[in-house]
Amino acid sequence: MNLIGISINHRTAPINVLESLHLSREEIIEFIPKLKKEFSEGVIISTCNRTEIFCISKNQTIDANIIIQKLLEFKPVSNIRDENFTRYFSCGAIKHIFSVASGIDSLVIGDSQILGQVKEAFELSEDLDFAGTIIKRIFNTALKVGKRAIKETAIGEGAVTVSYAAVQVLEKIFANLEKKSALVIGAGETGELAAIHLKDKGIGKISISNRTLQRAEILANKVNGSVVPFESLKENIHNYDVVISATSSPDYILSKLDIQEAMKRRKGTPLVLMDIAVPRDIDPEVKNIENVFYHDMDSLKVIVDKNISKRKAEIPKVEKIIMEEMIEFFSWYNTLEVVPVIKSLREFFEEIKNDELEKIKNKVTAEDYVKIEDMTRRLIGRLLHNPTVKLRQLAESGINIEEMAAHTFIVKELFSLNKDKSNGNDINQKKEKN
Amino acid sequence: MISTLKGLNFIIPVIYLIVFLIYSYDFFSNKNAFKNSKRIFLFVTLFVHAFYLILRTLEFDHPPITTKFEIFTLLAFSISFSYFILELLTDIRGTGLFIIFFSFLFQVISSIFIEYNYVVPEVLRNRMLGLHVISAILGYSGFTLSAVYGILFLLLYKNLRSSKFGLIFNRLPSLEVLEKLSYYSVVIGFVLLTIAIIIGAIWLPSAFPNFSYLDPKLVGTSLVWIAYLIGIGSKILSKWYGKKVIIFSLIGFAFTIISLIITSTFGNTFHSFY
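Residues numbered from 1 in each chain as written. Chains lettered and ligands numbered in written order. Predicted model: local features only at pLDDT ≥ 70, side-chain atom pairs only at ≥ 80, totals over all residues. Heavy atoms only, no water.

Student: Explain the overall build of chain A here, please?
Tutor: Scanning chain A from N- to C-terminus turns up 15 helices and 10 strands. The C-alpha radius of gyration computed for chain A amounts to 32 Å, which surpasses the reference 22 Å derived for 434 residues by more than 25%, pointing to a less compact arrangement than a globule. A principal-axis box enclosing the C-alpha atoms of chain A has dimensions of 110 × 50 × 35 Å. When the 434 residues of chain A are sorted by exposure, 50% land in the buried category. Partitioning the intrachain contacts of chain A with sequence separation of at least 6 by distance along the chain shows that 72% fall at a separation of at least 24. For chain A, the separation between the mean place of its 61 positive charges and that of its 63 negative charges on side chains is 3 Å. (Helix = DSSP H or I, 4+ residues; strand = E, 2+ residues; numbered from the N terminus. Rg over C-alpha atoms; globule rule 2.2 N^0.38 Å. Buried < 20%, exposed > 50% of the residue type's maximum accessible area, 1.4 Å probe, protein only. Contact = heavy atoms within 4.5 Å. Lys, Arg positive; Asp, Glu negative; His and termini not counted. Charge placed at Lys NZ, Arg CZ, Asp CG, Glu CD.)

Below is the structure:
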């Protein structure tokens with residue numbers, strides 16, 4: 001198979017290099033025509049953690065460096081080194097594509113976003129008429145692998161970010177988040193992520209408090225929430241069941257006394273405090289107050305680490321799925337090798353039939369000719385049925401490629417089939433099957 | 001008939017053990033291999049147990065409430081039955097092992113010691129007594145369930161407060177759900193105990209010539225009833241939440257056990273039949 005690929009990702013290159021080489025949708029649309037000059041099919045996957053290009057060569061050239069060269073010509077990056085790229089070929093390339101789609105190659109193992117990104121990349125390639133029979137089959141199988149990994153294993157289960165772990169803890173305290181209210185202190189990246197997770201989980205009411213009012217308002221609009229002025233923060237704590245704090249303040253924002261006051265006003269109803277700031281925003285002494293559930297980065301990281309370990313333990317199950325799908329893919333691919341042989345064999349028999357029919361055409365009546373023609377058609381069909389089925393079976397089993405090659409060789413030699421037509425390595429001829 | 005009863009008497013603790021093991025496997029393995037089928041196992045167990053209780057009632061011509069060990073088998077049934085209803089209503093399936101264990105325990109004791117030849121006092125054949133005892137047992141089953149959920153609540157509460165995110169954290173439902181399960185069990189138990197008390201108050205004076213309202217068992221049960229009434233009233237009126245509700249339920253249960261032990265063991269009561 002002439003499939004070649006290159007990958008530059010979070011394992012092989014630093015983030016600044018990945019950022020420099022990231023290809024936007026528009027850039028991919030611009031770049032694909034350049035690749036088309038050398039390659040018949042291909043797909044470009046580019047996310048914040050990886051840029052991957054897989055192509056099928058038009059001729060017998062199997063050199064991934066051509067892709068790297070074209071990529072760097074299109075998007076020159078000065079600080080890049082050769083070892084930042086991993087090169088793939090044939091079976092290895094397919095295995096890598098399946099690993100990427102299943103999330104086991106992601107920075108966050110089991111990341112569910114990557115499957116959507118792979119699908120998007122494949123669809124773009126199809127839209128640009130750069131996805132042929134083989135690429136289509138590879139990427140449809142990759143999407144199947146991704147879906148099976150999610151459905152059949154626990155690779156995507158459990159919170160693997162601190163903000164999501166905080167929400168997971170909330171679900172162990174409250175039965176229904178729709179009836180609860182939350183206050184997010186800090187409108188930075190972490191605060192925003194926490195607010196979005198809360199909104200996704202259907203929290204009843206959400207408010208944002210931030211030193212800079214404008215930033216609080218922007219985030220509040222994003223999550224359909226309200227704003228609590230930072231100056232009146234302490235007087236409002238008792239109105240919320242959940243407080244998530246993620247500011248960059250060097251000192252505590254909420255003291256034990258503040259929380260004690262809030263608990264008095266809440267008449268003892270549970271209050272959850274999630275301090276996901278470094279350094280901490282809330283005095284950890286609050287954990288000694290009855291019905292207060294306080295968690296900081298350290299305690300939430302325990303959940304994250306456990307879930308990451310669980311996901312890692314699922315990798316062998318995903319690899320098993322990858323192997324199953326690879327076997328199925330190559331069974332299909334191997335049938336492409338015998339298709340030209342079967343076609344030539346049938347053409348050979350058809351030629352003999354036509355020759356012989358031509359010879360008797362004027363010697364028999366028109367009615368008899370139709371009968372003889374019908375009989376010869378059935379005869380050829382029956383004669384070729386077993387060899388055709390056997391050749392297909394051998395190819396589909398995909399176990400012994402050499403045995404299959406020997407069989408096709410014997411068939412070709414026995415019937416002196418046209419070698420140009422039956423060249424199994426010609427990728428274009430394989431496509432004719434479909 | 002006796003041989004069938006003896007066979008069932010042997011089979012029932014075995015199937016309770018199987019159901020307990022199935023619920024335990026699902027709880028500890030996190031594989032949910034029996035997520036749906038374990039409920040069917042429990043239903044079959046309850047069906048067999050109900051058949052045994054009916055058969056025993058028909059054979060001896062009185063409800064199975066005339067000996068301690070008949071009471072034990074009835075208690076085993078009512079605990080699992082109450083749990084089964086609760087599981088159907090709430091669809092919370094992860095806590096069964098903590099409840100079914102008690103059914104298994106009571107049934108084992110009953111199966112070992114239960115008798116087949118004994119003299120039953122005429123008063124114990126009365127249908128009113130049957131209703132009185134069954135409603136009381138179901139009431140106490142409700143209190144037991146409430147206490148079990150209370151303990152689970154405290155375990156999860158402690159785990160959450162000390163940031164321990166292990167098996168308890170992963171497998172138990174939320175604190176609010178455990179609190180609700182505990183509270184609903186108490187309310188159901190309280191209603192059934194009230195029915196038992198009302199039936200007793202109507203029927204006992206006519207059935208027993210030496211009846212006294214100062215009987216230790218009557219006084220003890222009334223105190224238990226008052227304790228639960230105060231607790232439920234406080235929860236409704238003063239809007240108690242969380243740990244406070246659970247502590248009330250556990251104190252109520254402890255009070256019930258102490259009351260039963262003291263009045264049954266040390267009290268001189270007309271109310272002692274066994």
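Having seen it, we continue.
Student: Would you take a moment to explain helix H4 (residues 96-113) of chain B for this structure?
Tutor: In an α-helix there are 3.6 residues to a turn, and that puts residues three or four apart on one side. Residue and element names in this part refer to chain B. An ideal rise of 1.5 Å per residue puts 26 Å on 18 residues; H4 measures up with 26 Å between its terminal C-alpha atoms. Every buried residue of H4 is listed here: Gly96, Leu97, Ile99, Ile100, Ser103, Phe104, Gln107, Ser110 and Ser111. Angular distribution of buried residues about the axis of H4 spans 150°; they occupy a single face of the element. In this fold, the buried residues of H4 make contact with helix H1 (2-29), helix H2 (37-60), helix H3 (68-90) and helix H5 (127-161). (Expected span 1.5 Å × (residues − 1). Arc of directions from axis to C-beta.)

Student: I'm lost on the nonpolar core in this one. Help?
Tutor: If you look at the biggest cluster of nonpolar residues, it comprises 94 residues, and the most contacted ones within it are Val169(A), Leu198(A), Ile208(A) and Tyr149(B). The leading source of residues in this core is H5(B), at 12 residues. Apart from residues lying up to four places away in sequence, Ile208(A) is in contact with Leu183(A), Val184(A), Ala187(A), Ala195(A), Ala216(A), Leu219(A), Ala220(A), Val223(A), Ser226(A), Val227(A) and Val228(A). In this structure, Phe54(A), Ile56(A), Val145(A) and Met326(A) belong to the second largest nonpolar core, which totals 40 residues. (Core = buried A, V, L, I, M, F, W, Y, C linked by side-chain atoms within 4.5 Å.)

Student: Hey, could you run me through a nonpolar patch on the surface in this one?
Tutor: All names here are of chain B. Side chains of Leu214, Val219, Leu223, Ile226, Ile230 and Phe255 sit close together on the surface and give an oily, nonpolar patch of about 550 Å² of accessible area. With four residues, the top contributor of residues to the nonpolar patch is helix H8 (residues 216-237). Of note, Phe255 is situated in helix H9 (residues 242-265). Phe255 gets classed as partly exposed once you look at its relative accessible area, which sits at 33%. (Patch = residues over 30% accessible without salt bridge, like charges linked within 9 Å, V, L, I, M, F, W, Y side chains within 5 Å. Areas by Shrake-Rupley, 256 points an atom, 1.4 Å probe, with all protein chains shown as cover. Salt bridge = Lys/Arg side-chain N within 4 Å of Asp/Glu carboxyl O.)

Student: Quick question: what am I supposed to make of the packing of H2(B) against H3(B) here?
Tutor: Residue and element names in this part refer to chain B. Where H2 contacts H3, the two axes come as close as 10 Å, and the packing angle between them is 145°. Our pair here, H2 against H3, has a crossing hand that is left-handed. Of H3, the residues touching H2 (which contributes Arg39, Leu42, Phe43, Leu46, His49, Ala50, Tyr52, Leu53 and Arg56) are Glu70, Thr73, Leu74, Ala76, Phe77, Ser80, Phe81, Tyr83, Phe84, Glu87 and Leu88. Across the contact of H2 with H3, the residue classes tally to 13 nonpolar, three polar and four charged. (Axes fitted to C-alpha atoms, helices over the stretch in contact; angles between N-to-C directions. Left-handed = near helix turned anticlockwise from the far one by under 90°. Nonpolar A, V, L, I, M, F, W, Y, C, P; charged D, E, K, R; others polar.)

Student: For this particular structure, what's the right way to read the sheet that holds strand E2 (residues 39-46) of chain A?
Tutor: In a beta sheet, neighbouring strands pair by backbone hydrogen bonds and run either parallel or antiparallel. All names here are of chain A. The strand order across the open sheet formed by four strands is E2-E3-E1-E4, and the pairing between neighbours is antiparallel. The sheet is open, and its two borders are formed by E2 and strand E4 (86-89), each paired with just one other strand. Shown here is a sheet whose adjacent strand axes are inclined to one another by a mean of 15°, direction ignored. In this structure, strand E1 (residues 3-9) lies alongside strand E3 (residues 50-57), joined through seven bridges in antiparallel fashion. Note on E3: the bridge partner recorded for Asn9 is Arg50. With respect to the sheet, helix H3 (residues 65-74) is in contact with E1, E2, E3 and E4, its orientation differing from that of E1 by roughly 50°. Packing against the sheet, helix H6 (residues 133-152) makes contact with E1, E2 and E3, and its axis sits at approximately 30° to E2. (Pairing = 2+ DSSP bridges.)

Student: Would you mind going over the packing of aromatic side chains with me for this structure?
Tutor: We describe a pair of aromatic rings using the distance from one ring centre to the other and the angle between the two ring planes. Residues and elements named next belong to chain A. The full count for this structure, using the stated rule, is 29 aromatic pairs over all chains. Where Phe122 meets Phe139, the ring centres are 5.7 Å apart and the plane angle is 15°; that geometry is what we call stacked. Here Phe139 lies in helix H6 and Phe122 lies in helix H5 (residues 113-127), a separation of 17 residues in the sequence. Both residues of the pair, Phe122 and Phe139, count as buried. (Phe/Tyr/Trp six-rings, centres within 6.5 Å; stacked < 30°, edge-to-face > 60°.)

Student: What exactly am I supposed to notice about the sheet that holds strand E9 (residues 271-275) of chain A here?
Tutor: Pairing in this open sheet of six strands is parallel, and the strands run E7-E6-E5-E8-E9-E10 (chain A) from one edge to the other. In this open sheet, the two strands that pair with only one neighbour each are strand E7 (226-227) and strand E10 (292-296) of chain A.

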